[in-house]
Amino acid sequence: MLAALLISALAGPAAAQVVLPGAMPSAIPPMAPPPSAPPPVITVPKVPQLAAPPPLTHERIQPAPDLPKAQLQQRGHFGDRISRCLDEGAAMGLNASERAAYSRACANQ
């Protein structure tokens, strides 16, 4: 025991780090690491929509304007269309077989 006291007196503060057999280590627990910072708050911005109409309010509701109606073109009778297409084919200088094929395709459009 005398040797232990002599060594501890000569060693100074470094002797406090030596644990002798049978002795209790320090009862002070090691310090816990500091808590980590909370994660940053991520907010997603509202993305404007290009084709989205503005929201309706009672002040902005208006009746729909009268739009012009589409005019359908009268096709005429099939025989009239064939005659017109045969005349167009002849004016383009097509021979008889080419005129027949052209008039069928033209009249069915």
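Everything that follows concerns the structure shown earlier in this document.
Parameters and conventions
Residues numbered from 1 in each chain as written. Predicted model: local features only at pLDDT ≥ 70, side-chain atom pairs only at ≥ 80, totals over all residues. Heavy atoms only, no water. Helix = DSSP H or I, 4+ residues; strand = E, 2+ residues; numbered from the N terminus. Buried < 20%, exposed > 50% of the residue type's maximum accessible area, 1.4 Å probe, protein only. Areas by Shrake-Rupley, 256 points an atom, 1.4 Å probe, with all protein chains shown as cover. Axes fitted to C-alpha atoms, helices over the stretch in contact; angles between N-to-C directions. Parallel < 35°, antiparallel > 145°, perpendicular 65-115°, else oblique. Left-handed = near helix turned anticlockwise from the far one by under 90°. Contact = heavy atoms within 4.5 Å. Nonpolar A, V, L, I, M, F, W, Y, C, P; charged D, E, K, R; others polar. Expected span 1.5 Å × (residues − 1). Arc of directions from axis to C-beta. Disulfide = S-S within 2.5 Å.

1. Focus on the overall build of the protein
At step 1: Each helix and strand in the protein was counted, giving 3 helices and 0 strands.
At step 2: The order of helices and strands in the protein, counted from the N terminus, is α-α-α.
At step 3: By the burial criterion, 6% of the 109 residues in the protein qualify as buried.
At step 4: Accessible surface computed for the protein: about 10,700 Å², of which carbon and sulfur atoms make up 67%.

2. Concerning the packing of helix α2 (residues 78–91) against helix α3 (residues 96–107)
Angle between the axes and distance between the axes are the two parameters that describe a pair of packed helices.
At step 1: Close contact between α2 and α3 brings their axes to 8 Å; oriented N to C, the two are set at 135°. Between α2 and α3, the angle is such that the two are oblique. Between α2 and α3 lies a crossing whose hand is right-handed. Residues F78, R81, I82, R84, C85, L86, E88, G89 and A90 of α2 touch α3, and the partners they reach there are R99, Y102, S103, C106 and A107.
At step 2: Split into classes, the residues belonging to the contact of α2 with α3 amount to 8 nonpolar, 2 polar and 4 charged.

3. Things to note about α3
Helical geometry note: an α-helix holds 3.6 residues per turn, so side chains three or four residues apart project in the same direction.
At step 1: For α3, with 12 residues, the first-to-last C-alpha span of 16 Å sits near the 16 Å given by 1.5 Å per residue.
At step 2: Within the span of α3, buried status applies to S103, C106 and A107. Angular distribution of buried residues about the axis of α3 spans 85°; they occupy a single face of the element. Opposite the packed face of α3, turned more than 90 degrees from it, sit the exposed residues S97 and R104.
At step 3: Packed against the buried residues of α3 are α2.

4. Focus on α2
At step 1: Here α2 is 14 residues long and its end C-alpha atoms lie 20 Å apart, about the 20 Å a rise of 1.5 Å per residue gives.
At step 2: For α2, every residue scored as buried is listed here: R81, I82, C85 and G89. The arc that holds every buried residue of α2, seen down its axis, measures 100°, which confines them to one face. Of the residues in α2, the exposed ones pointing more than 90 degrees away from the buried face are D87 and A91.
At step 3: Buried residues along α2 sit in contact with α3.

5. Considerations on the state of the cysteines
At step 1: Taken as a whole, this structure holds 1 disulfide when the rule is applied.
At step 2: In this model, C85 is linked to C106 through a disulfide, with the two sulfur atoms separated by 2.1 Å. Residues C85 and C106 are joined by a disulfide whose S-S torsion is about -65°; by sign, that bridge is left-handed. With a gap of 21 residues between them, C85 in helix α2 and C106 in helix α3 connect regions that are remote in the sequence. The burial state of C85 is the same as that of C106; both residues are buried.

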